[in-house]
Amino acid sequence: EEVVLGLEDKDALTGISLFPNPNDGEAQIVFSLEAAQSVTLRVMDISGKELKSTKIQANAGENVIVLDNSDFASGLYLIRLETPGSNKTLQFVKK
């Protein structure tokens, strides 16, 4: 009898971090992927209104995106990372 304990998801975003948080106008988003693929980065205000959207071709392994948010007002924001099979949302504070 075969028991499946878990399936590896090639589209999964892992090791996600955002720093510094809070920030003064620039943040780094670090994440890892099992395979190279396109990733959409969306920045939204707390009400869900999209302020910025960009699509990048990410590599297998660790990736770093530098987010310039110097034109944003002080407050709480959401960052959503989307791959074809995975979505992750992070919060950050702009001072």
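Note that the structure is a prediction, hence the values are computed from the model and not measured.

1. Some points on the overall build of the chain
- The secondary structure content of the chain amounts to zero helices and seven strands.
- When the helices and strands of the chain are read in sequence order from the N terminus, they spell out β-β-β-β-β-β-β.
- Taken over 95 residues, the chain has a buried fraction of 35%.
- Pairs at least 24 apart in sequence give 55% of the contacts found in the chain among residues at least 6 apart.
- For the chain, the computed accessible surface area is about 5700 Å², with 48% contributed by carbon and sulfur atoms.

2. Here's the deal with the packing of aromatic side chains
- Summed over the entire model, instances satisfying the criterion amount to two aromatic pairs.
- Look at F72 and Y77: their rings are 5.1 Å apart centre to centre, the planes differ by 40°, and that puts the pair in the tilted class. With respect to burial, F72 and Y77 carry one shared label: buried.
- The interplanar angle of 20° and the centroid separation of 5.5 Å between the aromatic rings of Y77 and F92 together place this pair among those described as stacked. Taken together, the positions of Y77 in strand β6 (residues 75-83) and F92 in strand β7 (residues 86-94) put the pair 15 residues apart, joining distant regions of the chain.
- A relative accessible area of 7% means that Y77 is categorised as buried.
- You can call F92 buried: its relative accessible area is 0%.
- In textbook terms, an aromatic cluster arises when at least three aromatic residues are bridged by ring pairs, as seen for F72, Y77 and F92.

3. Here's the deal with a nonpolar patch on the surface
- Taken together, I46, L76 and V93 make up a surface patch of nonpolar side chains, about 230 Å² in accessible area.
- Within the secondary structure layout, V93 lies in strand β7.
- Residue V93 is classed as partly exposed on the basis of its relative accessible area of 34%.

4. Points about unusual backbone geometry
- A cis amide bond, omega -15°, links F19 with the succeeding residue P20.
- Mapped onto the secondary structure, P20 falls in the loop between β1 (14-19) and β2 (26-33).
- Here the amide bond leading from N21 into P22 is cis, since omega sits at 10°, within 30 degrees of zero.
- One can find P22 in the loop between β1 and β2.

About the thresholds
- Along every chain, residues carry numbers that run from 1 in the direction the sequence is written.
- In keeping with the predicted nature of the model, local features appear solely for residues at pLDDT of at least 70, side-chain atom pairs appear and are counted solely at 80 or more, and the whole-chain, interface and lining totals rest on all residues.
- Excluding hydrogens and water, the side-chain values take into account all heavy atoms of the structure.
- Every helix listed is a DSSP run of H or I at least four residues long, and every strand listed is a run of E at least two residues long, numbered separately from the N terminus.
- Any residue under 20% of the maximum accessible area for its type is buried, any over 50% is exposed, and the rest in between are partly exposed; the area is computed with a 1.4 Å probe on protein chains only.
- The contact definition used throughout considers only heavy atoms, calling two residues in contact when any of these lie within 4.5 Å.
- The Shrake-Rupley method, run with a 1.4 Å probe, gives the accessible areas here. Residue values count only the displayed protein chains as cover.
- Aromatic pairs are defined between Phe, Tyr and Trp rings, using the six-membered ring for Trp, whenever the two ring centres lie within 6.5 Å; interplanar angles under 30 degrees are classed as stacked, those over 60 as edge-to-face, and all others as tilted.
- Here a patch means residues that are over 30% exposed by relative accessible area and free of salt bridges, tied together within 9 Å if like-charged and within 5 Å if nonpolar (Val, Leu, Ile, Met, Phe, Trp, Tyr).
- Here a salt bridge means any side-chain nitrogen of Lys or Arg lying within 4 Å of a carboxyl oxygen belonging to Asp or Glu.

Taken by themselves, the reported measurements are silent on function.
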